[in-house]
Amino acid sequence: AHCLATQFTEDMPRFLRPFVRTFWQYSDTPFALGLSDFCQPAGEGESPNFPYCIIIKPVYEPTSPCSPDFMSDLQSIPTGTILYDLYACPTPFAVGDAKQLQRIGRIKTLSKMIPNGPNSPLFFKHQRKEEDLDMRPDWNAFLQKKTKIKVKGKGTGTIHQMAGWRLFESQIAQGTYQDYEAEE
């Protein structure tokens, strides 16, 4: 399975572009999720310190990934299983440098999986990236500049055009990231 990231590349097949163009009517960054709501300010009157992008990389390999009984498979995952490694790209300035990527945590089961119905209080809210950029105007200016990053044979574009799961997955595979979860 591939990585998931809060920043999706704008590099897409031509036939999808007319469909996705609609998203730009509602956001200047329709393929990026904001992260500032995750973080608390360090002190009174300070701005929160939050990463540009969060990446989750699957670690757990199900015994039968295409099982028709998906829910039973989830419920059979043992307690203490590491499901994902969690990475952060601290700023858009760091996107092209695998050495600045940080493994900041792991998502691990603490109990057996419990099914959750439609009336559950569990809720996920998507935050607009513009909220992050309002707090970090230096990022916004940088995001508009062309940069050279090698992704799938392509090498020039803005960070929004180039950054996404494919880039971060290749950087993780290099193994040069900062590892705050290294086992001692």
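A few points on the structure. (Residues numbered from 1 in each chain as written. Predicted model: local features only at pLDDT ≥ 70, side-chain atom pairs only at ≥ 80, totals over all residues. Heavy atoms only, no water.)

**Digging into helix α6 (residues 165-174)**
In step 1: Inspection of α6 places Leu 167, Phe 168, Gln 171 and Ile 172 among the buried residues, and these make up the whole buried set. The buried residues of α6 occupy an angular sector of 130° when projected down its axis, which confines them to one face.
In step 2: Looking at the residues trailing α6, positive phi occurs at Gly 175, about 75°. (Buried < 20%, exposed > 50% of the residue type's maximum accessible area, 1.4 Å probe, protein only. Helix = DSSP H or I, 4+ residues; strand = E, 2+ residues; numbered from the N terminus. Arc of directions from axis to C-beta.)

**A look at the pattern of salt bridges**
In step 1: Applying the stated criterion across every chain yields a total of 7 salt bridges.
In step 2: Here Lys 125 ties to Asp 37 by a salt bridge, and the two come within 3.4 Å at their closest N and O atoms. With Lys 125 in the loop between β4 (102-108) and α3 (129-135) and Asp 37 in the loop between α1 (17-20) and β2 (53-58), this pair connects stretches of sequence that are 88 residues apart.
In step 3: What makes Asp 37 partly exposed here is its relative accessible area of 48%.
In step 4: Put simply, Arg 136 and Asp 138 hold a salt bridge, and the shortest N to O gap is 3.4 Å.
In step 5: What makes Asp 138 partly exposed here is its relative accessible area of 36%.
In step 6: Each of the salt bridges in this network shares a partner with another, and the network as a whole consists of Asp 85, Arg 103, Arg 106 and Asp 179. (Salt bridge = Lys/Arg side-chain N within 4 Å of Asp/Glu carboxyl O.)

**Notes on the packing of aromatic side chains**
In step 1: One pass over the structure, following the stated rule, counts 7 aromatic pairs.
In step 2: Between the aromatic rings of Trp 24 and Phe 31, the centroid separation amounts to 5.3 Å while the plane-to-plane angle is 75°, which identifies the pairing as edge-to-face.
In step 3: Relative accessible area serves as the criterion here: at 13%, Phe 31 is assigned to the buried category.
In step 4: Considering the side-chain rings of Tyr 52 and Trp 139, the 5.8 Å spacing of their centres and the 85° angle between planes classify their relative orientation as edge-to-face. Residue Tyr 52 is found in the loop between α1 and β2, and its partner Trp 139 is found in helix α4 (residues 137-143); the two are separated by 87 residues along the sequence.
In step 5: Judged by relative accessible area, which is 0%, Tyr 52 ranks as buried. (Phe/Tyr/Trp six-rings, centres within 6.5 Å; stacked < 30°, edge-to-face > 60°.)

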